Amino acid sequence: MSGWNVNAASFVPNVNARPFVPGQAYQAPQQPQQPPPQPDQAWDAEPETVEQAPAPVPEPTPAVAKPSPPPEPVVEEPKKEVEKEKKEKEDVVAPLSRKFERATIDPKTRKEHVNIVFIGHVDAGKSTIGGQIMFQTGMVDKRTLEKYEKDAKEKGRESWYLSWCMDTNEEERDKGKTVECGRAFFETERKHFTILDAPGHKSFVPNMISGANQADLAVLVISARKGEFETGFERGGQTREHALLVKTAGVKHLIILVNKMDDPTVEWDQGRYDEIHGKLTPYLKKCGFNPKTDITYIPCSGLTGDFIKDRPTDLTKGSWYSGPCFIEYIDNQMASINRDYDGPVRCIVVDKYTDMGTIVFGKMESGVVAKNQSLLLSPNKTMVQVLQCWCDDVEVDKVAAGDNVKFKLKGVEESELQGGFVLSSPDAPVKVGRIFDAEVLIMDYKSIIAPGYTCVLHIQSAVEEVVVKLVIATVDKKTGEKKRAKFVRQDDKCILRFESQEPFCLEPFKDLATLGRFTLRDEGKTLAIGKVLKVIE
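- As recorded by an unreviewed UniProt entry, the chain carries the name Tr-type G domain-containing protein and is attributed to Mesorhabditis spiculigera.
- Per its UniProt entry, the chain bears the Sequence similarities (unreviewed entry) comment "Belongs to the TRAFAC class translation factor GTPase superfamily. Classic translation factor GTPase family. EF-Tu/EF-1A subfamily."
- Per UniProt, the comment on the chain under Subcellular location (unreviewed entry) is "Cytoplasm".

## Regarding the packing of helix H8 (residues 205-212) against helix H10 (residues 238-248)
Right, so step 1: Contact geometry for H8 and H10: axes closest at 10 Å, N-to-C directions at 35°. As H8 packs across H10, the resulting crossing turns out to be right-handed. Taken together, the residues of H10 that come into contact with H8 (itself represented by Val205, Met208, Ile209 and Ala212) are Gln238, Glu241, His242, Leu245 and Val246.
Right, so step 2: Of the residues belonging to the contact of H8 with H10, the class tally is 6 nonpolar, 2 polar and 1 charged.

## A closer look at the packing of H10 against helix H11 (residues 270-287)
Right, so step 1: Where H10 contacts H11, the two axes come as close as 9 Å, and the packing angle between them is 35°. Both H10 and H11 take part in a crossing whose hand is right-handed. Only Leu280, Tyr283, Leu284 and Cys287 of H11 make contact with H10, whose side of the interface consists of Thr239, Arg240, Ala243, Leu244 and Lys247.
Right, so step 2: Of the residues assigned to the contact of H10 with H11, the class counts are 6 nonpolar, 1 polar and 2 charged.

## Remarks on the environment of Gln388
Right, so step 1: Assignment of secondary structure puts Gln388 in strand S11 (residues 382-391).
Right, so step 2: The spatial distance from the C-alpha of Gln388 to the C-alpha of Lys371 is 5.7 Å, given a sequence separation of 17 residues.
Right, so step 3: Not counting residues within four places of it along the chain, the set of residues in contact with Gln388 comprises Lys371, Glu395, Lys406, Phe407 and Lys408.
Right, so step 4: In terms of polar contacts, Gln388 uses its side chain to reach the side chain of Glu395, at 3.2 Å.

## Some points on the nonpolar core
Right, so step 1: Counting 68 residues, the largest nonpolar core has Phe118, Val246, Ile256, Leu284 and Phe326 as its most contacted members.
Right, so step 2: The contacts of Ile256, once residues within four sequence positions are left out, are Leu220, Ile222, Leu280, Leu284, Ile295, Thr296, Tyr297 and Ile298.
Right, so step 3: Counting 25 residues, the second largest nonpolar core, distinct from the first, contains Val440, Tyr445, Tyr453 and Cys455.

## Some points on the confidence of the model for the chain
Right, so step 1: Chain-level pLDDT for the chain is 79 on average; 76% of the residues reach the 70-or-more range.
Right, so step 2: Residue range residues 26-80 is modelled with pLDDT below 50. Its contacts to residues more than four positions away, or to other chains, number 31 contacts.
Right, so step 3: A low-confidence stretch, residues 87-99 stays under pLDDT 50, and its non-local contacts, those more than four residues away or across chains, total 10 contacts.

## Remarks on H11
Side chains of residues three or four places apart in an α-helix project in the same direction, reflecting 3.6 residues per turn.
Right, so step 1: Taking 1.5 Å per residue, 18 residues should reach 26 Å; H11 reaches 26 Å between its end C-alpha atoms and fits that length.
Right, so step 2: Where H11 bends most, at Leu280, the angle is about 30°, and the proline Pro282 comes one to four residues later.
Right, so step 3: Every buried residue of H11 is listed here: Arg272, Tyr273, Ile276, Leu280, Thr281, Tyr283, Leu284 and Cys287.
Right, so step 4: Turning to H11, the residues buried within the fold contact strand S4 (217-223), helix H9 (228-233), H10, strand S5 (253-259) and strand S6 (295-299).
Right, so step 5: In this structure Asp269 caps H11, since a side-chain oxygen of it lies 3.2 Å from the backbone nitrogen of Gly271.
Right, so step 6: Just downstream of H11 lies Gly288, where phi reads positive at about 120°.

## Notes on the sheet that holds strand S3 (residues 191-197)
Right, so step 1: Reading across the sheet, the 6 strands line up as S2-S3-S1-S4-S5-S6 and stay open at both edges, with mixed pairing between neighbours. Only two strands of the sheet have a single neighbouring strand rather than two, namely strand S2 (182-187) and S6. Between one strand axis and the next, the sheet turns through 25° on average, direction left out of account.
Right, so step 2: Strand direction decides the pairing type here: strand S1 (residues 112-119) and S4, joined by 4 bridges, are parallel. Bridge pairing links Ile119 to Leu220 in S4.
Right, so step 3: Against the sheet, H11 makes contact with S4, S5 and S6, and its axis sits at roughly 160° relative to S6, the strand it touches most.

## Some words on a positive patch on the surface
Right, so step 1: A cluster of like positive charges, contributed by Lys202, Arg235, Lys286, Lys477 and Lys525, occupies part of the molecular surface.
Right, so step 2: Within the element layout of this structure, Lys525 appears in strand S22 (residues 525-535).

## Remarks on the side chain of Asp392
Right, so step 1: Here Asp392 is to be found in the loop between S11 and strand S12 (394-396).
Right, so step 2: Its relative accessible area of 9% is what places Asp392 among the buried residues.
Right, so step 3: Reaching out from Asp392, the side chain makes a polar contact with the side chain of His192 at a distance of 2.6 Å.

## What about the environment of Val386?
Right, so step 1: Structurally, Val386 can be placed in strand S11.
Right, so step 2: Remark: the alpha-carbon pair of Val386 and Lys406, spanning 20 residues in sequence, is separated by 10.0 Å.
Right, so step 3: Leaving out residues up to four positions away in the same chain, Val386 has contacts with Val369, Ala370, Lys371, Asn372, Gln373, Leu375, Phe407, Lys408 and Leu409.

## What about the pairing of S11?
Right, so step 1: For S11, a buried count of 7 out of 10 residues is recorded, marking the element as mostly surrounded by other parts of the structure.
Right, so step 2: When strand S10 (residues 374-378) meets S11, the two strands line up antiparallel, connected through 4 bridges. The residue of S11 that forms the bridge with Ser374 is Gln385.
Right, so step 3: Pairing of S11 with strand S14 (residues 404-410) involves 6 bridges; the strand directions are antiparallel. Bridged to Gln388 within S14 is Lys408.
Right, so step 4: Between the antiparallel neighbours S11 and S12 lie 2 residues, among them Asp392 with a positive phi of about 50°.

About the criteria used
Residues numbered from 1 in each chain as written. Predicted model: local features only at pLDDT ≥ 70, side-chain atom pairs only at ≥ 80, totals over all residues. Heavy atoms only, no water. UniProt positions renumbered as here; feature names shortened; annotations may be inferred. Axes fitted to C-alpha atoms, helices over the stretch in contact; angles between N-to-C directions. Helix = DSSP H or I, 4+ residues; strand = E, 2+ residues; numbered from the N terminus. Left-handed = near helix turned anticlockwise from the far one by under 90°. Contact = heavy atoms within 4.5 Å. Nonpolar A, V, L, I, M, F, W, Y, C, P; charged D, E, K, R; others polar. Polar contact = N/O pair within 3.5 Å; in protein donor to acceptor, adjacent residues only side chain to side chain. Core = buried A, V, L, I, M, F, W, Y, C linked by side-chain atoms within 4.5 Å. Buried < 20%, exposed > 50% of the residue type's maximum accessible area, 1.4 Å probe, protein only. pLDDT = per-residue confidence, 0-100. Expected span 1.5 Å × (residues − 1). Bend = angle between axes of the 7 residues up to and from the residue. Pairing = 2+ DSSP bridges. Patch = residues over 30% accessible without salt bridge, like charges linked within 9 Å, V, L, I, M, F, W, Y side chains within 5 Å. Areas by Shrake-Rupley, 256 points an atom, 1.4 Å probe, with all protein chains shown as cover. Salt bridge = Lys/Arg side-chain N within 4 Å of Asp/Glu carboxyl O. Lys, Arg positive; Asp, Glu negative; His and termini not counted. Charge placed at Lys NZ, Arg CZ, Asp CG, Glu CD.

Structural data, given as structure tokens:
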């Protein structure tokens, strides 16, 4: 035993060192040396050990190691380790205990949140109706509107002033065309509504798809003016494509606002309203909407505000229409939307920018996110922390499924992000894949589609170039019977295997419909819609 070094105190952290506690021999000389060199947190614990070990005589017997003195230095050491761990954790995004913690919310404590997308052919009056709603619900004051009216008059665009509430940049105001998806919100006593004003021009359909993917309810705006409805509805018009795209995006209910009923070519004529109703309903039925439960027609005038919130004071206008006004219908008569508050977090990133940190826009699909919560950003698999959260530009502590949100993130740079990324719970991450099988319905394509065919896939807000790797089978629409095939053509329902260059976020349709639906486009046209069946790789 005489070979043990006096300085062997550094090995005390070993719990198995109990039998070797003959430290009594060197503890006595250590006592005077201790105070000057060790002004450590643990310094006051070691004198206790000295007091409790007054018997240096039974040195040869190892059995004496059992009494209480040894445990005290042993208990001491884990404290030091915990302190070290705490220091290490400060550099990590969030403490490990919080990493898998899920936020909760009581749905009864908040207003129901509904996201409405306005779609339709270019110049149907979508932005003007959005501006009129903002004015009638008090979100835009009269003074601002008068300023817009004066500026619009100077540009010779007098009737556009209401649309300026939604079209905020100069390019959109000069040309009278919405380019990006405009956002605004308004509240009633019972609900909170977010307006998404989608562009109607065919060049900006990708922006419209992004807006439709964030919506719970779609409002198809139709111009009743002679010639305008026909232009939008004929083949190649945006009325048809937009109706199909919102159905693909998962919107279950469609409200058709027959706008411009005050136009001199219409003058609130019921015949014109019935004509539009008769032509549009069969097409919407073909898209998958049920005319009895999913579609509601309301005549209105975006410029004068008739039937938007209140009925017109002049009883001769639309006296034949006995149904509800637009805001009355969405507030009182529309069925409430089921939200998954208890599920894992799924927030689709729509847009991003830098402002004293990385800010992302997104739509909460499921779960609840609280301030300072840690989330996983896919497909990069980066851990990030939510420093601040906003719901429709109002800073809040928690956001839940259905909210249009804005997050300030720590742990990722703005350049590393793009639309289509998904924030998810670390304990239940979203699936990321590159090769997947999908059930596809070919809507409009003149030639055949065979392995090697390339097109653009729009899934939630992500846009990916994909290649048809394999035609697995065609599916009989009536019987569901599958047959082997080498190629597919227009109106075929089939199962295809796709491959993309880069991995992206997707889920099988049965697990999460929002991340399982997609649209295929090529040469500026929508050619097919589909749903993900299985993620292969």
